[in-house]
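Next come the chains, spelled out residue by residue.
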Amino acid sequence: VMRSRRLLSTRRKRMPIKGSNTAEKKISSLDKLKQLSQRGTIDIAHEEQIQEMCKHLILTDSQLEEVMVAMENSMEKGLAKETASTAAVRMLPSFVRAVPNGTEVGDFLALDLGGTNFRVLLIRLDGKQCKMEGKIFRVPETIMKGSGAALFDHIADCMAKFMEEHDLKDAKQLPLGFTFSFPCRQEGLTSAKLISWTKGFNASGVENEDVVQLLREACQRRGDIDIDVVAVLNDTVGALMSCAFNENSCQIGVIVGTGTNACYMEKIERCSKLDGIVDVNDGAPDEMIINTEWGAFGDDGAMDSIRTPFDEQVDRASINPGKQLFEKMISGMYMGEVVRVVLEALAREQLLFNGEYEAISAPGCFPTKYVSEIESDMMEDEDQTFQKTYQILEDIGIENVSAIDCANVAYVCSLVSTRAAHMTAAGIAMLLNRMNKKYVTVGVDGSVYRFHPSFPKLLDEKIDQLIKGDLEFALMLSEDGSGRGAALVAAVANRVKRERNEQ
């Protein structure tokens, strides 16, 4: 866990990145390749044909600004009463109206379901102190794609094991925050109906059902655990809340991991679809965290001008063609596959691997972790031996790999990951411009952000170039948003309820 880089960067216009000097010196793998090419160390261009085939993967600032305008238009449709039901970017209300203020106390459970791993956590809060114990359980593929009842029985079973291990079996009505990181229609803090499964899940009988109710029913079927679900939330909302625990100026949460998503504090008056649902005079703050579900940006064609044939190929072969198009250009579930499709096209054109394309033609053979490893190899390897890259390409089954092949593979990796960072930056910059607050901390989490060697730096620099005027921001690594964040949403809900009762 990257605790040492909690505050990754602080931005005034043109300020260097705060933190170690190494962050300032670290150049992207794309810059390194250009330097080597200019020195004549390697020929990365292959008579410029590779660059020609890949040129549409490079986005100009004017293209990114077009993305920002199109995304804000899509968001406006998601917020407006008249267009919300058909909008590509759903702009889902979280019903979370406040961030932690340091007065939250007590024991809280958190459940975190958002991918192939599922977690149960016990969190003890005492003001600014937060003690956390947790356990990770797997969600087998048979359960991911089986029945909804079996999925929630599996979750309840894992919870029961955890509570037994922590002597909580006899605890009464433990407040629980449930992070459920799939698109949901939220009808209150404790009610969320699944709109559609993403990230490889396809359990039957869950879509259009209230996942809190399904969890409660699974617990009742067991009869041996007593919990009170006080909040259901998305991992992006959790990332924001977790950061706000440390840094009260946190107003945006972003995930760039298996999937990608963002949430931010929006004025309720700008969200006409909440008319009659939320009373602006109820004594709570006049803002609410909105879960954008920006992964679906472009599903209505709003992003067609920057999508490439490579993106279209990845989309066609996915389990949800035509859906989550922004996500498919950015996130960890697809980044490696975009690179693979490009490499296959280059090999078929005799520009890579001596034209050997069979091994690289196997879908899924190039996971996103290879992108990070190959770019790290390029950035850290002074002698350009490409040892790690050779190893990866051999593991895939590609024979007779040359140093030029390795350099070209690194070039493609860096183009795809740089594009992902820049598109994410366009989304964040648009939110910062829209909120127009003097200083905002952006909580970021997810495997791509954590483990890709230059993603944080690329993201930070591009946001700085795209935000307007004298706005300032800081990117902050969110510590366990989906776990600690869930408990914090539960704790804030408890606190707000207590304060209202006292009034």
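Predicted model, so just to flag it, every value in this text is computed and none were measured.

**Some points on the sheet that holds strand β3 (residues 105–113)**
Within the open sheet, the five strands sit side by side as β5-β4-β3-β6-β9. Their pairing is mixed. The sheet is open, and its two edges are formed by β5 (129–138) and β9 (227–233), each paired on a single side. Here the strands of the sheet are splayed against their neighbours by 20 degrees on average, with no regard to which way each runs. In terms of strand pairing, β3 meets strand β4 (residues 117–126) through nine bridges, oriented antiparallel. Residue pairing across strands places D107 opposite R124, the latter belonging to β4. With respect to the sheet, helix α6 (residues 148–165) is in contact with β3, β4, β5, β6 (174–180) and β9, its orientation differing from that of β4 by roughly 45 degrees. Across the sheet, helix α7 (residues 211–222) lies against β3, β6 and β9, angled at about 155 degrees from β9, the strand it touches most.

**Examining unusual backbone geometry**
Of note in this structure, Q173 is not a glycine but carries a positive phi near 50 degrees. Summarising the element assignment, Q173 is placed in the loop between α6 and β6. A relative accessible area of 44% places Q173 in the partly exposed class.

**Focus on helix α16 (residues 455–466)**
The α-helix winds at 3.6 residues per turn, so residues separated by three or four positions along the chain end up facing the same way. The end-to-end C-alpha distance of α16 is 16 Å, a good match for the 16 Å that twelve residues give at a rise of 1.5 Å each. The buried count for α16 comes to ten of twelve residues, which makes it a mostly enclosed element. Residues F455, P456, K457, L458, L459, D460, K462, I463, D464 and L466 constitute the buried set of α16.

**With respect to helix α11 (residues 335–348)**
Helix length check: α11, at 14 residues, gives a terminal C-alpha distance of 20 Å against a target of 20 Å (1.5 Å per residue), a fit within 8%. Burial analysis of α11 places 13 of its 14 residues in the buried class, which makes it a mostly covered element. Q350 occupies a position one or two residues after α11 and carries a positive phi of about 65 degrees.

**Focus on the UniProt feature "domain: Hexokinase N-terminal" (unreviewed entry) in the protein chain**
Under the local residue numbering, the UniProt record ascribes the feature "domain: Hexokinase N-terminal" (unreviewed entry) to residues 49–245. Along residues 49–245 one finds 36% helix and 27% strand; the C-alpha atoms at either end are 50 Å apart.

**Quick notes on the packing of aromatic side chains**
Evaluation of the coordinates by the stated rule reveals ten aromatic pairs. An angle of 25 degrees between the planes, with centres 5.3 Å apart, marks the rings of W197 and F201 as stacked. Summarising the burial analysis for this pair, W197 and F201 share the class buried. Within the aromatic cluster, the residues linked to one another by ring pairs are F178, F180, F182, W197 and F201. Above the ring of F182, the side-chain terminus of K199 is found at 5.1 Å from the ring centroid.

Criteria and thresholds
- Residues numbered from 1 in each chain as written.
- Predicted model: local features only at pLDDT ≥ 70, side-chain atom pairs only at ≥ 80, totals over all residues.
- Heavy atoms only, no water.
- Pairing = 2+ DSSP bridges.
- Helix = DSSP H or I, 4+ residues; strand = E, 2+ residues; numbered from the N terminus.
- Axes fitted to C-alpha atoms, helices over the stretch in contact; angles between N-to-C directions.
- Contact = heavy atoms within 4.5 Å.
- Buried < 20%, exposed > 50% of the residue type's maximum accessible area, 1.4 Å probe, protein only.
- Expected span 1.5 Å × (residues − 1).
- UniProt positions renumbered as here; feature names shortened; annotations may be inferred.
- Phe/Tyr/Trp six-rings, centres within 6.5 Å; stacked < 30°, edge-to-face > 60°.
- Lys NZ or Arg CZ within 6 Å of the ring centre and 35° of its normal.

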